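Examining the three-dimensional arrangement
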2 protein chains.
Amino acid sequence: MKMIKHITALQIFICVLLLSFSGRSQEHPSLILTKEGVQKIRAELGNVPIFDATLEKVKAEVDAEIALGIETPIPKDYSGGYTHSRHKLNFLILQKAGVLYQILDDEKYAIYIKDMLFQYEAMYKDLPVHPQTRSYARGKLFWQCLNDSNWLVYVSQAYDCVYDYLSKKERKQLEKNLFRPFADFISIENPQFYNRVHNHSTWGNAAVGMIGLVMDDDELIQRALYGIEDDGLPIGAKDNDGGFIKIEGQEVGFLANVDEPFSPDGYYTEGPYYQRYAMYPFLIFAEALHNVKPEQKIFEHKDSVLLKSVDVLINLSDADGEFFPLNDAQKGMSYKSREVVTALDIAYHYGGHNPQLLSIAEEQGQVLLDDSGLAVAIGIRDGKAEKFQKKSINLTDGANGEQGGVGILRYGNEDMTLVFKYAAQGLSHGHYDKLSFSLYEKGTEILQDYGLARFVNIEQKGGGNYLKENKTWAKQTIAHNALVQNETSHFGGKYEVGSKHHSDLYFFDTSNPEVQVVSAKEKNAYPGTEMQRTMALIKADGFEKPFLLDILKVVSTTENQYDLPFYFKGQVMKTNFDFINPKSLETLGSDHGYQHLWLEGKGQPKENNAKLSWLENGHFYTLTTVSDKGDELNFVRIGANDPEFNLRRDAGLIIRRKNTQNTTFVSVVESHGQYSPVSEFSVNANSAISKIELMVETKEYTAVVIETKSNGNQLMLVLANEDKQPNKEHILKIKNKEYRWTGPYQFINVNKK
Amino acid sequence: MKMIKHITALQIFICVLLLSFSGRSQEHPSLILTKEGVQKIRAELGNVPIFDATLEKVKAEVDAEIALGIETPIPKDYSGGYTHSRHKLNFLILQKAGVLYQILDDEKYAIYIKDMLFQYEAMYKDLPVHPQTRSYARGKLFWQCLNDSNWLVYVSQAYDCVYDYLSKKERKQLEKNLFRPFADFISIENPQFYNRVHNHSTWGNAAVGMIGLVMDDDELIQRALYGIEDDGLPIGAKDNDGGFIKIEGQEVGFLANVDEPFSPDGYYTEGPYYQRYAMYPFLIFAEALHNVKPEQKIFEHKDSVLLKSVDVLINLSDADGEFFPLNDAQKGMSYKSREVVTALDIAYHYGGHNPQLLSIAEEQGQVLLDDSGLAVAIGIRDGKAEKFQKKSINLTDGANGEQGGVGILRYGNEDMTLVFKYAAQGLSHGHYDKLSFSLYEKGTEILQDYGLARFVNIEQKGGGNYLKENKTWAKQTIAHNALVQNETSHFGGKYEVGSKHHSDLYFFDTSNPEVQVVSAKEKNAYPGTEMQRTMALIKADGFEKPFLLDILKVVSTTENQYDLPFYFKGQVMKTNFDFINPKSLETLGSDHGYQHLWLEGKGQPKENNAKLSWLENGHFYTLTTVSDKGDELNFVRIGANDPEFNLRRDAGLIIRRKNTQNTTFVSVVESHGQYSPVSEFSVNANSAISKIELMVETKEYTAVVIETKSNGNQLMLVLANEDKQPNKEHILKIKNKEYRWTGPYQFINVNKK
């Protein structure tokens, strides 16, 4: 600790020297707002509806806070508690007040900022680390450095806005007692927080960089971009989420945090929920860098991945704009969040004015009060907005795009959307759910991914932090629509192991919108067992809507028990199999998440197909699955061993196949019909499928036939399991008929009339 | 049976005679549309937006059906099945086609009606009763006479519209082979269905009356209005819902069905869900009667109760327009249903053009295509609509308003709404839930009434009919927020006993919008035990929103176990008491609904107050209840012994007080704060109450104090339990301080600063 302090003092000295000899005189504001931009904004005021409306709202909010007076309480609480919420509100309001000062040129905002900054300055000098001890990197204002970094990212902007308003002496006092020690605390004094590839560090890097840009402190800017050179951290240490702190040979700093977690496609390895969270520091610091250090060409970095990632983020949402809850993710978070408002406006302004982004901005209903927000507001005003076209899209994972990915298949106007995950671990927020999926109809979950077990910022629920059920339930394989072998999670639920592996794409083809297919393989989740899952979104005659075909092929060197869950949302309508309801409820197992499942019903298939229908949000759904005689069909309910009611009581059906070496699960999920409790009309309440059959299952080939009730049509999907070359010709004899095709799959309407 | 047939033939003969000598020549259409009305409609077309839009929608719908061709399948299915749905759609389309023929004067609609009617005529002659046997009164086209009656109510209107289009011979053939036998079948041949006071009979009466009006058949009209004189039914017989068919001395027929189930206030004893269902035949037949037999003065009958009841029905809905699920009621049914469109338009037109009804019509987004719908459309077009002001309202139950009732307390713009039930049994659709309540914030249920156990018209779920869990769960007392003694439902769950009794209002006072109080007593649910429940909706300093105070006083001649459930909706946030979660789940009991409850958590109070907070739809809620040391606090989950997943897995907290003779349960339910998963801000997540105390509990007086956290204010409600005279002066000494007031209650801010 002493050594670190020593380095800090030395660095400050060097920095002061550098500043003294710097000939350049920097304008203010220069980060997010610019002198020129402010002039332009003032000129347009009253003439850009969405900008004007945002300004009015922000002004009302800030004026109300100014009227209430300034409060900077002694830090005490976890997330959601009073002191936490107050300091959080303070930094949000400071940033807004800075913007208002610049745009409206009303001194009261500058006074408010100045007064609050000096209150912080007076407090910070002697402030000890935060009294709450749960974090691996405790902050001072907040319980973790992460939130202190949030504070500095926002407050740097406020400082930039009043920089010229303050006297040189005032600035010196603030920088010496508040900003510089603040930046040092979250970086040099907490390298375990600062010097990582992690969304936490992104915030830390951006915070140090933002204040460095305002102070024109090149040492801080370099530290932001490239991290701390000698952090003295041991290799392999972990944080309190179980994530690695230091990995041998890994680059750190802001640029590394762009390079590493983003794939070349712009997919962020932690998933969209955390991408959304990280987007703010990524984009806001990028914008500031662009304005102050254009020579850095940050928006062009890694083939413009930051701009690309905004497009990806929007594509990772359902029809209501809510993000798919891949890995740790709180449901309900959407592209309407303030972080995405920021990211989107910046991406629009610096990314070539894509008119489709404007329709999302319209949904957001607000813009940034800066140059980029103005550009968006003008674009909308001038009628340039176009509907954002969400696509079927395959997103690679990994810094080089070589660590699996996520495949999204969409039909029509998000009428049905498949989210198929064959990605890498996703750092410490990753779940053990190789080849898992979720399915949506518009914004309604048909088959859900549970998401995280946490109530973010709700103090009553474990201080608003991760609950222990996140680890014991939400991360486990059985919590997902993914295959579980022998009641054990993928990689044994071991982060160290999971982090070494990823699934591999076999193929992804959406060239035919009526038959879109993605297929991937996983060979490491269970040593000795290989899984291949192929999912197809198909719209065919005899079906009212598209359906999902799910073919999961398992090949193992040993006999195992396989569990394949389907977490359907809604009310059970009908099954074609019998089941018994236990007189008392027991858990399905004792570990790896099974301890959280009550066994609500135990059934066996009566026929070669098992069927379950349910009703959700006015639509009927049916799962039809090819069943073996020995299969168990278990109805489960989440919520066992949940002493604080942290989990939702959602349902699932788990297909259990015991004492089996190689097997293939074949299932179809249909959406059909509708029901309204107002008209009380029930329409098309039954499945359109009379039969599904696995016709061929060899090492080389898989063939599945779906027969429709209405016209007896047979729809067949044939897969070449080992050769995916697009030009490879395949010949396969099925029931004395020869089928020929090229490429990894073929969809055939056998009895097409 | 033979005798009945004989009577029918004789009646037909008399009828024909009457017709032959009738000098009056009736115009057509004359029931819902009138010749004059049609002229007026044609003149306004293109100039009344909501009417034009409805017309366009109806035309598109009917044209599509005409294009598909006519189908009248041989009856086979229960509700929701194909033949049921087809015949149901047929009568709805026929009625619409009739209207289109009149308004658009396009012969294709008349041809369609004529063709379909003759197809029915050909089929009906030899049609046996419906093959499904579940009903106490099987229909011919449908499994129950009820649906056959629906058919005739609608088809009569179609016939009226094409009456003049058809030749005399054609009319004769239809009347002889279809309409008259149809009317006789649902009346004379099914007196157990027709000759009752019940929503079924209302449909039957209206059906017979409607066709009687078209045919100008006075014998049918009289039968509709006054029933069958000698039905030969035994006293005390029951239908398959368990309802009485014949009660000694009871009047029958349409007028009796207006007189009996409606209270003078316009409350329908079965509850709003069934009132909505019955509204169509009530109002449509009333309109027809008014048009054809104005001398009947039907709209003035019983102090204009039919018109009044429309207003009541709207008042029995939440902020989304969904009806409170009193007694058997499917949730989600709302005043947007087609039946209420009909009722509302007619009530507007014949009830003095109340401009508040127009705003509801705007929400409905459609109008009737007749004189009354035109009046509504013109009213809306001319900007006359005013917001419907839902009120705090006390509605008496019983034909004379002397059988208890329902009290609704509303604060603000439906910010909080209490529904308090102290009514009569509610005929065969009644639940055993004396002094039960439910609580709403806008359209969100805070504490729910379960509703019914049925999926209306969804064939997969028990043919769309009542499920056995409706009786074993939904009707039982423990399924409600109502007191259960010794794990036995009110009246032992016996319909014969429950039907003899009702609760009694003690007082209802909403003169002060900040302190609204209703109090009622129940002396018969458990012989030897008297309950008095007082519920107050209070808005006071120190509270962000209004809160509900619930005082339930129980006095008994014996020691009992009392269970008081609170069916909270949402995710548990926090309790101030410890509880254990069982390792395996057992049911809470074995009968009276208890067999459907899993015991999920078992706790005891740690303090004098037990607290439970939960989160629902972005709002926090807290229940605070005065607790005894020996109380059990049981978390329950609905869904045990539910072999077909017919029940929702909703939660409840049951306060259990054992071995107790007299006791008073005192609880407060607060709504506070908010949470957004997009901003992730959690605001005001904690209860504002530091303590609730029962200060006085004597035979004569009850006094409760609520202490607020923010300012330590003490809010006291004192009740005079035995003398409710408004002018009676009371003096009560509490903690050496003397309080004086007049009337049954007083609300006192003790430490008001």
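Position labels on residues start from 1 in each chain and follow its written sequence. To label them, take the chains in the order written and letter them from A, then take the ligands in the order written and number them from 1. Confidence filtering applies because this is a predicted model: local features only for residues at pLDDT of at least 70, side-chain atom pairs given and counted only at 80 or more, and all residues used for totals across whole chains, interfaces and linings. Just so you know, side-chain values use all the structure's heavy atoms and leave hydrogens and water out.

**Focus on the overall build of chain A**
- Helix and strand labels come from DSSP, where a helix needs a run of H or I of at least four residues and a strand needs a run of E of at least two; each type is numbered from the N terminus. The secondary structure content of chain A amounts to 18 helices and 27 strands.
- Scaling as 2.2 N^0.38, a compact globule of 753 residues should have a C-alpha radius of gyration of about 27 Å, and chain A matches this with 28 Å.
- Considering only C-alpha atoms, chain A reaches an extent of 90 × 55 × 55 Å along its principal axes.
- Using a 1.4 Å probe on the protein chains alone, a residue whose accessible area is under 20% of its type maximum counts as buried, one over 50% counts as exposed, and one in between counts as partly exposed. Here chain A, with 753 residues, has 64% of them falling under the buried criterion.
- Here, residues are in contact when the closest pair of their heavy atoms is within 4.5 Å. Nonlocal contacts in chain A, meaning residues at least 24 apart in sequence, comprise 68% of its contacts between residues at least 6 apart.
- Computed by Shrake-Rupley with a 1.4 Å probe, the accessible areas treat only the displayed protein chains as cover when residues are assessed. Split by element, the accessible area of chain A, about 26,500 Å² in all, is 50% carbon and sulfur.
- A residue counts as positive if it is Lys or Arg and as negative if it is Asp or Glu; His and the chain ends are not included. Just so you know, the charge point we use is NZ for Lys, CZ for Arg, CG for Asp and CD for Glu. Here chain A contributes 82 positively and 99 negatively charged side chains, and the mean placements of these two sets differ by 3 Å. C-alpha atoms define the radius of gyration, and 2.2 Å times the number of residues to the power 0.38 defines the globule rule.

**Quick notes on the interface of chain B and chain A**
- Contacts between the two partners involve 54 residues from chain B, matched on the other side by 52 residues from chain A.
- Throughout, the accessible surface (probe 1.4 Å) given up by two parts as they are put together, summed over both, is called the buried area. Here chain B packs against chain A, burying approximately 4,500 Å² in sum over the two surfaces, 54% of which is carbon and sulfur.
- For this analysis, a salt bridge means a side-chain nitrogen from Lys or Arg found within 4 Å of a carboxyl oxygen belonging to Asp or Glu. Where chain B packs against chain A, one counts two salt bridges.
- When contributions to the side of chain B that touches chain A are tallied by element, the ones reaching two or more residues are α4 (82-104), α12 (272-292), β12 (571-575), β14 (597-604) and β17 (632-638) of chain B.

**What to know about the relation of the copies chain B and chain A**
- Copy-to-copy superposition: least squares on the C-alpha atoms, limited to residues that have pLDDT of at least 70 in both copies. Under the fitted operation, chain B is carried onto chain A by 0.0 Å of movement along the axis and a turn of 180°, and the coordinates agree to an RMSD of 0.0 Å. When the rotation and shift are considered jointly, the pair of chain copies conforms to a two-fold rotation axis. Judged by C-alpha distance, L585 of chain B is the residue of chain B that lies nearest the rotation axis, at 2.4 Å.
- Both copies contact each other with a shared surface, as 96% of the interface residues of chain B are interface residues in chain A too.

**Concerning the environment of I380 of chain A**
Residues and elements named next belong to chain A.
- Along the polypeptide, I380 turns up in helix α16 (residues 371-381).
- Sequence separation of I380 and Q714 is 334 residues, and the distance between their C-alpha atoms is 49 Å.
- Not counting the four nearest positions on each side in its chain, I380 is found in contact with I50, L358, A361 and E362.

**Section: the sheet that holds strand β8 (residues 515-522) of chain B**
Residues and elements named next belong to chain B.
- The eight strands are arranged β7-β8-β9-β10-β19-β16-β15-β12 in an open sheet whose pairing can be described as antiparallel. For this open sheet the edge positions go to β7 (504-512) and β12, each flanked by a neighbour on one side alone. Pairs of neighbouring strands in the sheet enclose a mean axial angle of 15°, with direction left out of account. Strands qualify as paired when DSSP identifies two bridges or more between them. Note on definitions: angles span 0 to 180 degrees between N-to-C directions of axes, and those axes are lines fitted to C-alpha atoms, for helices only across the stretch in contact.

**Observations regarding the UniProt feature "domain: Alginate lyase" (unreviewed entry) in chain A**
- UniProt annotation of "domain: Alginate lyase" (unreviewed entry) refers to residues 98-322 of chain A when read in the numbering used here.
- Annotated as 60% helix and 0% strand, the span residues 98-322 of chain A places its first and last C-alpha atoms 31 Å apart. UniProt positions are given in the numbering used here, feature names are shortened, and annotations may be inferred rather than shown by experiment.

**Remarks on a positive patch on the surface**
- Each patch is built from residues that are more than 30% exposed by relative accessible area and take part in no salt bridge. Like charges join if they lie within 9 Å; nonpolar side chains (Val, Leu, Ile, Met, Phe, Trp, Tyr) join within 5 Å. A cluster of basic residues, K125, K168, K172 and K176 of chain A, forms a positive patch on the protein surface.
- Tracing the sequence through the fold places K168 of chain A in helix α7 (residues 168-186).

**With respect to the pairing of strand β15 (residues 609-616) of chain A**
Residue and element names in this part refer to chain A.
- For β15, the buried fraction is high: seven of the eight residues fall into the buried class.
- Across four bridges, strand β12 (residues 571-575) lies against β15 in antiparallel orientation. Each bridged residue has a counterpart across the sheet, and for T575 the counterpart in β15 is L612.
- Relative to strand β16 (residues 619-626), β15 runs antiparallel, the two being bridged by eight bridges. Residue E616 lies in a different strand from β16, and its bridge partner there is H619.
- Linking two consecutive strands that pair antiparallel, namely β15 and β16, is a turn of two residues; a positive phi of about 50° is found at N617 within it.

**Points about the sheet that holds β16 of chain A**
Residue and element names in this part refer to chain A.
- Here we have eight strands laid out as an open sheet, ordered β7-β8-β9-β10-β19-β16-β15-β12, and antiparallel in their pairing. Looking at which strands have only one partner, the edges of the open sheet turn out to be β7 (504-512) and β12. Going from strand to strand, the sheet's axes swing by 15° on average, the running direction of each strand aside.

**Thoughts on the pattern of salt bridges**
Residues and elements named next belong to chain A.
- Counted by the stated rule, this structure contains 88 salt bridges over all chains.
- A salt bridge links E496 to K238, with the nearest nitrogen and oxygen atoms 2.4 Å apart. Placement of E496 in helix α18 (residues 495-498) and of K238 in the loop between α10 (218-226) and α11 (254-259) is noted, with a sequence separation of 258 residues between them.
- The class of K238 is partly exposed, set by a relative accessible area of 39%.
- R657 is the salt-bridge partner of D628, the closest N and O atoms lying 3.7 Å from each other. With D628 in the loop between β16 and β17 (632-638) and R657 in strand β18 (residues 651-660), this pair connects stretches of sequence that are 29 residues apart.
- Residue classification places D628 among the partly exposed positions, given a relative accessible area of 35%.
- Judged by relative accessible area, R657 falls into the buried class, the value being 3%.
- Among the ionic contacts, a cluster of salt bridges with common partners joins R180, D184, D217, E219 and R223.

**Focus on α16 of chain A**
Residues and elements named next belong to chain A.
- Within α16, 10 of the 11 residues are buried, which leaves the element mostly enclosed by the surrounding structure.
- Looking at α16, one finds that the buried residues are D371, S372, G373, L374, A375, V376, A377, I378, G379 and I380.
- Among the structural elements, α2 (35-44), α3 (49-68), α12 (272-292), α14 (338-350) and α15 (355-364) are those in contact with the buried residues of α16.
- Immediately beyond the C-terminal end of α16, within one or two residues, lies G383, with a positive phi of roughly 75°.

**Re the environment of E469 of chain A**
All names here are of chain A.
- For E469, the location among the structural elements is in helix α17 (residues 468-474).
- Between the alpha carbons of E469 and H596 there is a distance of 8.8 Å; along the sequence they are 127 residues apart.
- Once you skip the residues sitting within four places of it in the chain, E469 turns out to touch A453, A474, H596, N641, D642, P643, N646 and L647.
- Pairing of N or O atoms within 3.5 Å defines a polar contact, subject to two protein rules: one partner must be a possible hydrogen donor and the other a possible acceptor, and residues neighboring in sequence count only if both atoms are side-chain atoms. Looking at E469, its side chain comes within polar contact range of the side chain of N646, at 2.9 Å.

**A short note on a negative patch on the surface**
- Taken together, D320, E322, E362 and E363 of chain A make up a surface patch of like negative charges.
- Relative to the helices and strands, E362 of chain A resides in helix α15.

**Details of the packing of aromatic side chains**
- Any Phe, Tyr or Trp ring, taking Trp's six-membered ring, that has another such ring centre within 6.5 Å forms a pair; planes under 30 degrees apart are called stacked, those over 60 apart edge-to-face, and the others tilted. Overall, the coordinates contain 74 aromatic pairs over all chains when judged by the stated rule.
- The positively charged end of K88 of chain A is found above the aromatic ring belonging to F681 of chain B, 4.6 Å away from the centroid.
- The rule is short: NZ of Lys or CZ of Arg within 6 Å of the ring centre and within 35 degrees of the ring normal puts a charge over the ring. In this structure, R454 of chain B packs its charged tip against the face of Y466 of chain B, placed 4.6 Å from the ring centre.

**A look at the pairing of strand β9 (residues 529-538) of chain A**
Residue and element names in this part refer to chain A.
- For β9, the tally of buried residues reaches nine of 10 residues, placing the bulk of the element in the interior.
- As paired strands, strand β8 (residues 515-522) and β9 are joined by eight bridges and run antiparallel to one another. Across the sheet, the residue bridging to A520 is R533, located in β9.
- Taking the residues that link successive antiparallel strands as the turn, the β8-β9 hairpin has six residues, and the phi of G528 there is positive, at about 95°.
- Pairing geometry for β9 and strand β10 (residues 547-556), over 10 bridges, is antiparallel. Residue T529 lies in a different strand from β10, and its bridge partner there is S556.

**Focus on the environment of V668 of chain B**
Residue and element names in this part refer to chain B.
- Summarising the element assignment, V668 is placed in strand β19 (residues 663-672).
- Along the primary structure V668 and A97 are separated by 571 residues, whereas in three dimensions their C-alpha atoms are 55 Å apart.
- Residues within four places of V668 in sequence aside, it is in contact with F547, L548, L549, T622, L623, T624, I689, I692 and I706.

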